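Now for the letters of each chain:
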2 protein chains.
Amino acid sequence: MTIDDKVQVFKALAHPVRLRLVEKLAKGEQCVCVCLEMFDIDISTLSRHLSVLKNAGIVADEKRGKNVYYRLTCPCILQVCDCLEKVAGKRKKPGIPV
Amino acid sequence: MTIDDKVQVFKALAHPVRLRLVEKLAKGEQCVCVCLEMFDIDISTLSRHLSVLKNAGIVADEKRGKNVYYRLTCPCILQVCDCLEKVAGKRKKPGIPV
DNA sequence: TGCAAGTTTAGCAAAATAACCAAATGTGTC
DNA sequence: GACACATTTGGTTATTTTGCTAAACTTGCA
């Protein structure tokens, strides 16, 4: 496991749409069509985001009938977010992008 | 705490130089000049990476004499990396950048 | 004060990422 | 097989990130 492998996971999580997807999937698997309702983006854009998460190993997909269902591969990803709550609270300029 | 705040933390960690810096600082604070020896990059580039980590709230700096020392603000960031070991292990194509 | 070492900031060009539209692919139903 | 629905892939453009050089600070010491 190289540094670059880990970096890919962080990169995958470093986007608001993808992070919200992960938080959504933490509550249970969802098909692409349901995820789409969460955002005001093109379905092709959503599909790309999901594939980034998949390539990073964060989610897995399964086709059932016409739909594709995504789920988290590793529930521990939630712990990461909990930790981040603490870290992000220490930002010098909360709310202002770095 | 917004999604964007969390995203900034992930973005900060989503770079090989910055991630290696975090892993280094996890063992204890270091001055910039020591960190510089870890990489083959310009010191101005290193300084920028450190400021990204600082703005994200991941590290804090302190000037003592001529040197500036950086340290992690939150040791829990290590748990994040441990979790990632598991997640990254599930990547479809291990070792190949997404 | 004046100089040297250590670090940060500014500005620019190259590379990576993101979003859209359009086209292609895969799956179930008739 | 043909059609409709769901999703992915290709291509293009706009935006963001990265890393360099050069310049600007900051601190300690002669």
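Residues numbered from 1 in each chain as written. Chains lettered and ligands numbered in written order. Predicted model: local features only at pLDDT ≥ 70, side-chain atom pairs only at ≥ 80, totals over all residues. Heavy atoms only, no water.

## Observations concerning the protein's contact with DNA strand C
The condition that has to hold: Neighbouring residues are identified by heavy atoms, a residue being near a molecule or strand if any of them is within 4 Å of it. Residues adjacent in sequence count toward polar contacts only when both atoms are side-chain atoms; beyond that, a polar contact is any pair of N or O atoms within 3.5 Å, and within protein one must be able to donate a hydrogen and the other to accept it. By the criteria applied, helices consist of DSSP H or I runs no shorter than four residues and strands consist of E runs no shorter than two, each listed in order from the N terminus. Here the nonpolar group is Ala, Val, Leu, Ile, Met, Phe, Trp, Tyr, Cys and Pro; Asp, Glu, Lys and Arg are the charged ones; every other residue, Gly included, is treated as polar.
Contacts to DNA strand C come from 21 residues, most closely from S44(A), T45(A), H49(A), R48(B) and Y70(B). Backbone atoms, meaning sugar and phosphate, form 73% of the atoms of DNA strand C found within 4 Å of the protein. Separating a sugar or linking oxygen of DNA strand C from a backbone N or O atom of G65(A) is a distance of 3.5 Å. In the model, a phosphate oxygen of DNA strand C is placed 2.8 Å from a nitrogen or oxygen of the S47(B) side chain. Where the surface near DNA strand C is concerned, the elements lending two or more residues are α4 (43-55) of chain A together with α3 (32-36), α4 (43-55) and β3 (67-72) of chain B. Looking at the surface near DNA strand C, its residues break down into 6 nonpolar, 8 polar and 7 charged.

## Side note on the pairing of β3(B)
Residue and element names in this part refer to chain B. Let me state the cut-off plainly: Whether two strands pair comes down to DSSP finding at least two bridges between them.
Pairing of strand β1 (residues 30-31) with β3 involves 2 bridges; the strand directions are antiparallel. Directly across from C31, in β3, lies its bridge partner Y69. Of the pairings in the sheet, the one linking strand β2 (residues 59-64) to β3 comprises 6 bridges and is antiparallel in character. Each bridged residue has a counterpart across the sheet, and for E62 the counterpart in β3 is Y69. Here β2 folds back onto β3, and the loop between the two strands holds 2 residues, one of which, G65, carries a positive phi near 65°.

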